[in-house]
Amino acid sequence: MTKVKYPQKRNYRQRAHSNPLSDHSFDYPVSPDVMDWTKLYPRFKPENEVKFCDIGCGYGGLLVTLSPMFPETYMVGFEIRVKVSDYVNDRFLALRQDNEVYHNAGVIRTNAMKYLPNFFRKGQLEKMFILYPDPHFKKCKHKWRIVSEGLLAEYAYVLKVSGLVYTVSDVKEVHDWMVEHFTNFPLFERYDPPAEDKAAQVLIGSTEEGKKVLRNKGQSWTAIFKRVEDPYSVNCAGT
């Protein structure tokens, strides 16, 4: 039996940060209706839908952890960096050769700040993950952050009511920023997950960044938010 050759990170090195507002070259569907997911998932059928999205998935550690935990759920990672997304794609190709699982996970090189609604219908997603996002410390670069009022409207659009957003940061100021923006947005509320929430249990230890924080005995802050009904649409329906 031929031994599967796994990709090595040293062959996919790239700078840690990328300007999400610059003009990159991406392939993306004009609408979710024309998105061909079979190119990403070898066993994808017309009745299937992608339900989990890891925004800024990095080297894919979270997806590798979640895939066997939710074998019937299709999940995708969005990553803006070319070589990093190439690594994650090659990683899943190797894992699929070596295992009967991981056929439900994949990666797309894209910019979630611009093209999220091109991939997902309204209310399609059940879970979104924003783990260890780029902090963009300088005030002039706060507009680059993956959590903002405008982006929260898009997250609320693609998440189903009762869907969850999981956030983690090892920078307290960034954690506070995300908590403030989510709690002030009318379509999200802070959520305390039950003990049986498997995804919540692996947020820190599954990602490469999270593992680095643990090795360095650092601290990570976690916050989870639930998509709630639009209070205005509910009030309108009741009148």
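Details of the structure are given in the entry above.
Heads up: these notes are all about the structure in this document. This structure is a prediction, so every number in the text was calculated from the model and none was measured.

1. As for the overall build of the chain
Within the chain, the secondary structure is distributed over eight helices and seven strands. Residues counted as buried form 49% of the 239 residues belonging to the chain. Of all intrachain contacts in the chain linking residues separated by at least 6 positions in sequence, the fraction that spans at least 24 positions is 82%. As displayed, the chain offers around 12700 Å² of accessible surface, 50% of which is attributable to carbon and sulfur atoms.

2. Focus on the sheet that holds strand E6 (residues 188-190)
Taken together, the seven strands give an open sheet; going across it, the order is E3-E2-E1-E4-E5-E7-E6, and neighbouring strands pair in mixed fashion. At either end of the open sheet lies a strand with only one pairing partner, and these are strand E3 (105-109) and E6. Geometrically, the sheet is characterised by an average inter-axis angle of 20° between neighbouring strands, direction not taken into account. In this fold helix H2 (residues 82-98) packs onto strand E2 (74-79) and E3, with an angle of close to 160° to the strand it touches most, E3. Together, strand E1 (50-55), E2, E3 and strand E4 (125-131) form the strand contacts of helix H3 (residues 112-119), whose direction differs from that of E2 by roughly 150°.

3. Observations concerning the environment of Arg190
Tracing the sequence through the fold places Arg190 in strand E6. Judged by its relative accessible area of 45%, Arg190 falls in the partly exposed class. Along the sequence, Arg190 and Val179 sit eleven residues apart, while their C-alpha atoms lie 8.1 Å from each other. Dropping the residues within four chain positions of it, Arg190 is found in contact with His175, Val179, Thr183, Thr222, Ala223, Ile224 and Phe225.

4. So, the packing of aromatic side chains
Scanning all chains against the criterion turns up 17 aromatic pairs. Judged by centre distance (5.9 Å) and plane angle (65°), the ring pair of Phe26 and Tyr115 falls under edge-to-face. With Phe26 in the segment before E1 and Tyr115 in helix H3, this residue pair connects regions lying 89 residues apart in the sequence. Grouping residues by exposure puts Phe26 and Tyr115 together as buried. Taken together through their ring pairs, the aromatic side chains of Trp37, Tyr41, Phe44, Tyr74, Phe78, Phe119 and Phe120 make up a single cluster. Over the face of the ring belonging to Trp177 we find Arg145, whose NZ or CZ atom lies 4.7 Å from the ring centre. For Lys198, the ring lying beneath its charged end belongs to Phe70, and the centroid distance is 4.6 Å.

5. Thoughts on the pattern of salt bridges
All chains considered together, the criterion is met by nine salt bridges. Through salt bridges with shared partners, one network takes in Glu49, Lys51 and Arg121.

6. Focus: the environment of Tyr132
Within the secondary structure layout, Tyr132 lies in the loop between E4 and helix H4 (149-158). Overall, the relative accessible area of 10% leaves Tyr132 in the buried class. Apart from the residues within four sequence positions on either side, Tyr132 is in contact with Val168, Ser169, Asp170, Ile204, Thr207, Glu209, Gly210, Val213 and Ser220.

7. Side note on unusual backbone geometry
The phi dihedral of Ser162 is positive, around 85°, even though this residue is not glycine. Position of Ser162 among the secondary structure elements: in strand E5 (residues 159-169). Here the phi dihedral of Lys217 falls at roughly 55°; this positive angle occurs in a residue that is not glycine. Relative to the helices and strands, Lys217 resides in the loop between helix H7 (208-215) and strand E7 (221-227). Overall, the relative accessible area of 77% leaves Lys217 in the exposed class.

Each value, and the rule that gives it
Residues numbered from 1 in each chain as written. Predicted model: local features only at pLDDT ≥ 70, side-chain atom pairs only at ≥ 80, totals over all residues. Heavy atoms only, no water. Helix = DSSP H or I, 4+ residues; strand = E, 2+ residues; numbered from the N terminus. Buried < 20%, exposed > 50% of the residue type's maximum accessible area, 1.4 Å probe, protein only. Contact = heavy atoms within 4.5 Å. Areas by Shrake-Rupley, 256 points an atom, 1.4 Å probe, with all protein chains shown as cover. Pairing = 2+ DSSP bridges. Axes fitted to C-alpha atoms, helices over the stretch in contact; angles between N-to-C directions. Phe/Tyr/Trp six-rings, centres within 6.5 Å; stacked < 30°, edge-to-face > 60°. Lys NZ or Arg CZ within 6 Å of the ring centre and 35° of its normal. Salt bridge = Lys/Arg side-chain N within 4 Å of Asp/Glu carboxyl O.

Interpretation in functional terms is not warranted from these geometric data alone.
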